[in-house]
Amino acid sequence: MDWSPLRIKIQGSCIYCEGSGYVNDLLCNCAIKFRAYNRMVRGGFHEYTLDFITGGSYSIPMLENGLEAIQYFVANPDVALERGLSFYIFSKENGRGKTTLAHYLVYVLLWHFSKTENYSPNRKYMFESIHSLCKKFRSGHMDEIANASVLVIDDIGMETRLADWKKENNITMLHEILYQRKDQRLVTILTSNYEPSVLAGFYGSVLDSILEIQPDGRIGGHLYRQVEVGGAEDFRLSFENSEWPV
Ligand SMILES: [Zn+2]
């Protein structure tokens, strides 16, 4: 068998199907997991983050708001994909699990579809940091990003700190991509360290209507929901990682 290292890692060690991918003619969970991983890793998602969320100790971080929207998305993957339900996930501090949460949401979708689909060539799942996205803006190949079924843009707003930040050009490209995606009802997940009103300021309000930033500074309306990851330490995670046995 000519297996990729990823497949060997996930499926090769499975004690339920002994690597065959099937148990009593039913697809084994390891095979579903491999399908989901494979498509995400190819799309730029981080393998070590996937290992973390599938490792058994992951839980959704404490949220200031947006929990209901997250729960709906997770419980209704078909609806989420069909309607293009989208998120703006932010917290004012680093290390609160925004990127991990974005991985989790896409993994949940892919887990669902991987139960019945081995491969769906018309669907693409992409992860881009805002930095890598800005580089792609300059290379000009934007169709793939604009038309991906699911796109995560990580750390939006950080590009304003780049020395070589060509502001007008990047805003125009970002606007075009988000506009096209919204028009086609494609799932877009943005993460940021900035609350929506601050982000609106960075972009001179160019993105306000696309991101549905309301006059009161909150995001929400047609397709987007805002999710604010709590500013407080996530104690659940701390306890799970504790060195104390008691
Ligand atoms: Zn298995």
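Cut-offs used in this document
Residues numbered from 1 in each chain as written. Predicted model: local features only at pLDDT ≥ 70, side-chain atom pairs only at ≥ 80, totals over all residues. Pairing = 2+ DSSP bridges. Helix = DSSP H or I, 4+ residues; strand = E, 2+ residues; numbered from the N terminus. Axes fitted to C-alpha atoms, helices over the stretch in contact; angles between N-to-C directions. Buried ≥ 20, exposed ≤ 12 C-beta atoms within 10 Å, placed from the backbone. Domains from an automatic or database assignment. Contact = placed C-beta atoms within 7 Å. Nonpolar A, V, L, I, M, F, W, Y, C, P; charged D, E, K, R; others polar. Core = buried A, V, L, I, M, F, W, Y, C linked by C-beta atoms within 7 Å.

Below, the discussion takes up the sheet that holds strand β4 (residues 86-90). One open sheet holds the six strands; their spatial order is β3-β8-β4-β7-β6-β5, and the pairing between them is mixed. Edge positions in the sheet fall to β3 (63-65) and β5 (125-129), since each has one partner strand and no second. Across this sheet, the average inter-strand angle for adjacent strands is 20°, counted without regard to direction. As judged from the four bridges shared by strand β6 (residues 150-154) and strand β7 (residues 187-192), these two strands associate in the parallel manner.

To continue, consider the pairing of β4. The buried count for β4 comes to five of five residues, which makes it a mostly enclosed element. Bridge count between β4 and strand β8 (residues 224-229): five bridges; the pairing is parallel. Residue pairing across strands places Y88 opposite Q226, the latter belonging to β8. With four bridges joining them, β4 and β7 adopt parallel strand pairing. Residue pairing for β7: F90 is matched across the bridge by S192.

As far as domains go, the protein chain holds domain 1 (1-42) and domain 2 (44-240). Contacts between domain 1 and domain 2 engage nine residues on the former and 12 residues on the latter. Ranked by residue count, the leading element in the side of domain 1 that touches domain 2 is helix α2 (residues 29-42), at eight residues. Grouping the constituent residues of the side of domain 1 that touches domain 2 by class yields six nonpolar, no polar and three charged.

By size, the foremost hydrophobic cluster in this structure holds 55 residues, and its most contacted members are M40, Y88, I89, L105, V106 and I189. For this core, the element with the highest residue contribution is helix α6 (residues 98-114), accounting for eight residues. Composition of this core by domain shows at least three residues from each of domain 1 (1-42) and domain 2 (44-240). Excluding residues within four positions of it along the chain, M40 makes contact with F45, L50, V106, Y107, L110 and Y125.

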